[in-house]
Amino acid sequence: MESQWVTRNHYNPCFWTAYWNPDYYAAAVAGTTPLPAARDQVVYSLNVKGDRIFPTTVANVHYEKDFGPAELSRDDAEAFVKRHYPDRFQSDRQAHESAHYPVFINFEQILTALEGMEHYDHLRTVIARGTLGSPMEKGMIACLVHLQALRSHGIMNSLVEWYGTLGVKKFEFFMLLKWALSNIDCLAEAIAPLALSHWVLYRTESDTFPLTDSPVLILPNSVMWALSPRLLLEIHRGRAAPESQWQTKNGIKRGKLAEFRRRTIGNTFREIIFSDRRTLEFWQSTKEFRQRTALMAETSSYNRLIHRSAERELWEVNAWGNQ
């Protein structure tokens, strides 16, 4: 049974991170079929803990090893039912009296289900076009901003750690997350403020935007997300705009690119990937990267890392519209 478990749970899907390989990007944008194997695409990785740059494949970055399996004992199962379905406790207990424990919940199934959503097809289309094509597409990307933020390396580990301090085990966290992602009202409350904000897309003719393991960069009034190495989205949450409006700019000013670099480094927990080693060497030489490397070396708690390096609390990540 153990051999059937996926041992590498990718926070950023391989079919998306493969865009940071120039040949794959060109083939995907051109609509070439079949595409090369996404997992085999070579990129450069800037490792924040090891403070080094090396070539690797997207299969070997932006993942957590053995994050997926969550053990569930009989006592855990009964406590879970008693908390969430007290009226069913006695009947469920009798029905499962002969069940064999422990059992396991596989988080990879949730990630696979997310990656099968049509929203990612719209992401591919937006990347190829270099801008949005319709209000519906804006809504689809807004949904992905929310989902990608939740599944990012830093946030996911922090949520598991934080819930653990409250006595909530990993299997229950997976169930709570699945319920939240299946709740239309919950999703609408999170996504609507994003879709109804002012959007700016910066598109470039060459690879410009490296990708971190936690790529949705959240500040109180601004959310940045590199959709591809040549397309950066910024959502100005303090400026309302109809869902039918957005702005596309050719190129990006030096100051805005520097802001993206600082925010990306400040949101990195493991590695940043890119197609060009020289760009990563420059990023590695910056004061922001030295500070991030020092912070990662001295702090083991994800909650403390997020509290110190982000400008919003961990538990506010699901409350986009409350500020």
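### Quick look at unusual backbone geometry
Between threonine 33 and the following residue, proline 34, the backbone shows a cis peptide bond with an omega angle of -10 degrees. Looking at the element boundaries, proline 34 is found in the loop between helix H2 (22-30) and strand S2 (42-47). A positive phi angle, near 55 degrees, is found at aspartate 51, a position not held by glycine. Turning to its location among the elements, aspartate 51 is positioned in the loop between S2 and strand S3 (52-57). For aspartate 51, a relative accessible area of 24% translates into the label partly exposed.

### Quick look at the sheet that holds S3
The sheet built from 4 strands is open, its strands ordered S3-S2-S13-S8 with antiparallel pairing. The open sheet has two free edges, formed respectively by S3 and strand S8 (211-212), since each of these has just one partner strand. Of the strand pairs in this sheet, S8 and strand S13 (residues 271-274) are connected by 2 bridges, and their pairing is antiparallel. The residue bridging threonine 212 from the neighbouring strand is isoleucine 272, located in S13. Packed on one face of the sheet, helix H12 (residues 277-285) meets S2, S3 and S13 and runs near 145 degrees to S3.

### A few points about helix H6 (residues 119-129)
Among the residues making up H6, those that are buried are His119, Tyr120, His122, Leu123, Val126 and Ile127. Down the axis of H6, the buried side of the element spans an arc of 150 degrees, and every buried residue falls inside it. Just beyond H6, the residue with positive phi is glycine 130, at close to 85 degrees.

### Considering the pattern of salt bridges
Per the counting criterion, the structure on display carries 10 salt bridges. Here aspartate 276 and arginine 278 are joined by a salt bridge, their closest N and O atoms 3.7 Å apart. Residue class for aspartate 276 comes out partly exposed when judged on its relative accessible area of 23%. Salt bridges linked by common partners bring Glu234, Lys256, Glu259 and Arg263 together as one network.

### Some words on the nonpolar core
Judged by nonpolar contacts, the single largest core of 66 residues is most densely connected at Trp16, Trp20, Leu123, Ile141, Val145 and Trp225. Ranked by residues supplied to this core, first place goes to helix H7 (residues 135-150) with 8 residues. Among all residues touching tryptophan 20, those that are not within four sequence positions of it are Val43, Phe209, Pro210, Leu211, Ala226, Leu227, Ser228, Pro229, Ile273, Phe274 and Ser275.

### Remarks on the sheet that holds strand S7 (residues 197-203)
Pairing within the open sheet is mixed, and its 5 strands lie in the order S9-S10-S11-S7-S12. Looking at which strands have only one partner, the edges of the open sheet turn out to be strand S9 (217-219) and strand S12 (247-250). Strand-to-strand twist of the sheet, defined as the mean angle between neighbouring strand axes without regard to direction, takes the value 20 degrees. Contacting S7, strand S10 (222-228) and strand S11 (231-240), H6 runs over the sheet at an angle of about 80 degrees to S10. The strands touched by H7 within the sheet are S7, S9, S10 and S11, with S10 carrying the most contacts at an inclination of about 100 degrees.

How each quantity is defined
Residue numbers here run from 1 along each chain, matching the order of that chain's written sequence. Per-residue local features are limited, in this predicted model, to residues with pLDDT of at least 70; the limit for side-chain atom pairs, both in listing and counting, is 80 or more; totals at the level of whole chains, interfaces and linings are taken over all residues. Side-chain measures were taken over the full set of non-hydrogen atoms in the model, leaving aside hydrogen atoms and water. The way it works is that DSSP assigns letters per residue, a run of H or I at least four long becomes a helix, a run of E at least two long becomes a strand, and they are numbered from the N terminus. Partly exposed residues are those whose accessible area sits between 20% and 50% of the maximum for their type, while under 20% is buried and over 50% is exposed, using a 1.4 Å probe and protein chains only. DSSP-based pairing: two strands are paired if at least 2 bridges between them are found. Throughout, a contact is declared for two residues whenever any of their heavy atoms are within 4.5 Å. Axis geometry follows a simple rule: fit a line to the C-alpha atoms, using only the stretch in contact for helices, then measure angles between N-to-C directions, giving values from 0 to 180 degrees. What the arc describes is the spread of directions from the helix axis to the C-beta atoms. The term salt bridge refers to a pairing of a side-chain nitrogen on Lys or Arg with a carboxyl oxygen on Asp or Glu at a separation within 4 Å. By nonpolar core is meant a set of buried Ala, Val, Leu, Ile, Met, Phe, Trp, Tyr and Cys residues that side-chain atoms within 4.5 Å join together.

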